[in-house]
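Topology and contacts: notes
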Amino acid sequence: MADMISIGLDIGAVSATAALITDRDDLGESLGVMKFLRELPNGQRLFVNAYTRTQGRPVATAREILASAGAALSACDAELDTIMFTGSASDTCAKACGGSTINAFRATAAGLATLDIPAASVLEIGGESSKYLLLERNEDGGYGIVDYSTNGDCAAGTGSFIDQQANRLQYDVEAIGEICATAERSAQIAGRCSVFAKSDMIHAQQKGYTPAEVLRGLCDAVARNFKSAVVRSHAITE
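Treat the numbers as computed from the prediction; the structure is a model and nothing was measured.

Moving on to the pattern of salt bridges. This structure, assessed with the given rule, holds 7 salt bridges. One salt bridge in this structure joins Arg24 and Asp26, with 3.0 Å as the shortest N-O distance. Judged by relative accessible area, which is 16%, Arg24 ranks as buried. For the salt bridge of Lys131 with Glu124, the shortest nitrogen-to-oxygen distance reads 3.8 Å.

Glancing now at helix 3 (residues 104–115). Two residues of an α-helix separated by three or four positions point the same way, owing to the 3.6 residues in each turn. With 12 residues, helix 3 extends 16 Å between its outermost C-alpha atoms, agreeing within 8% with the 16 Å of an ideal straight helix rising 1.5 Å per residue. Buried within helix 3 we find Phe105, Ala109 and Leu112. Around the axis of helix 3, the buried residues are gathered within 65° of arc, so they sit on the same side. For helix 3, the N-terminal cap is Asn103; the gap from its side-chain oxygen to the backbone nitrogen of Phe105 is 3.0 Å. Directly beyond the C-terminal end of helix 3, a positive phi value near 55° is found at Asp116.

Right, let's get into the packing of helix 1 (residues 58–75) against helix 2 (residues 90–97). Axis separation between helix 1 and helix 2 bottoms out at 9 Å; the angle between their running directions is 55°. Our classification of the angle between helix 1 and helix 2 gives oblique. The handedness of the crossing between helix 1 and helix 2 comes out as right-handed. For the pair helix 1 and helix 2, the contacting residues are Pro58, Val59, Ala62, Arg63 and Leu66 in the first and Thr92, Cys93, Ala96 and Cys97 in the second. Split by residue class, the contact of helix 1 with helix 2 holds 7 nonpolar, 1 polar and 1 charged.

Conventions used here
- Residues numbered from 1 in each chain as written.
- Predicted model: local features only at pLDDT ≥ 70, side-chain atom pairs only at ≥ 80, totals over all residues.
- Heavy atoms only, no water.
- Salt bridge = Lys/Arg side-chain N within 4 Å of Asp/Glu carboxyl O.
- Buried < 20%, exposed > 50% of the residue type's maximum accessible area, 1.4 Å probe, protein only.
- Helix = DSSP H or I, 4+ residues; strand = E, 2+ residues; numbered from the N terminus.
- Expected span 1.5 Å × (residues − 1).
- Arc of directions from axis to C-beta.
- Polar contact = N/O pair within 3.5 Å; in protein donor to acceptor, adjacent residues only side chain to side chain.
- Axes fitted to C-alpha atoms, helices over the stretch in contact; angles between N-to-C directions.
- Parallel < 35°, antiparallel > 145°, perpendicular 65-115°, else oblique.
- Left-handed = near helix turned anticlockwise from the far one by under 90°.
- Contact = heavy atoms within 4.5 Å.
- Nonpolar A, V, L, I, M, F, W, Y, C, P; charged D, E, K, R; others polar.

Here's what the structure looks like:
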């Protein structure tokens, strides 16, 4: 059987990430924007791209990633065998760039199986949507989806809301974790509505809460909302 080179792109509402898997071990450590990350349990090699914001241009971003990886592969006398898209812009990108699509739930389950990560409950907060998954390992080593849940249309409880509020306080969203860890207390922020949450954040600042304490309050609110609106009564299994 010939060596296979497959690439999957998760094109979401805010960002694009990609993973390239290959049987070949002669492709070096870099394939354009794709950098070698690790060897998989089955011996294949995994390349990933850096976190990339789409800036409202999902198709252009997908084309840039594919073109960069394709050019690097061509230089190694190789080419892509499979292209797969997932995420909120997957259908549009697949039609424009060529390739197939897979829904985000199945992609998550397949990714965990490929990485051989033992997981039962998956909690994901994306830019536009938040998801809960309950998984069960199959005899073939894959994962079956036993139960799932998603958020509604409100922006509260999503990554884009955290992103927006971090920018309003002049912080990069990637730095929020470390910033919140320095807070000695948490401002009380409403999590059920993004409009009320923003008002609470402004009021907390006026009362003297530091940006770290306000951001910690925001993260607490998003977590509470995720638990009540997405997880609800679904089982959480270790």
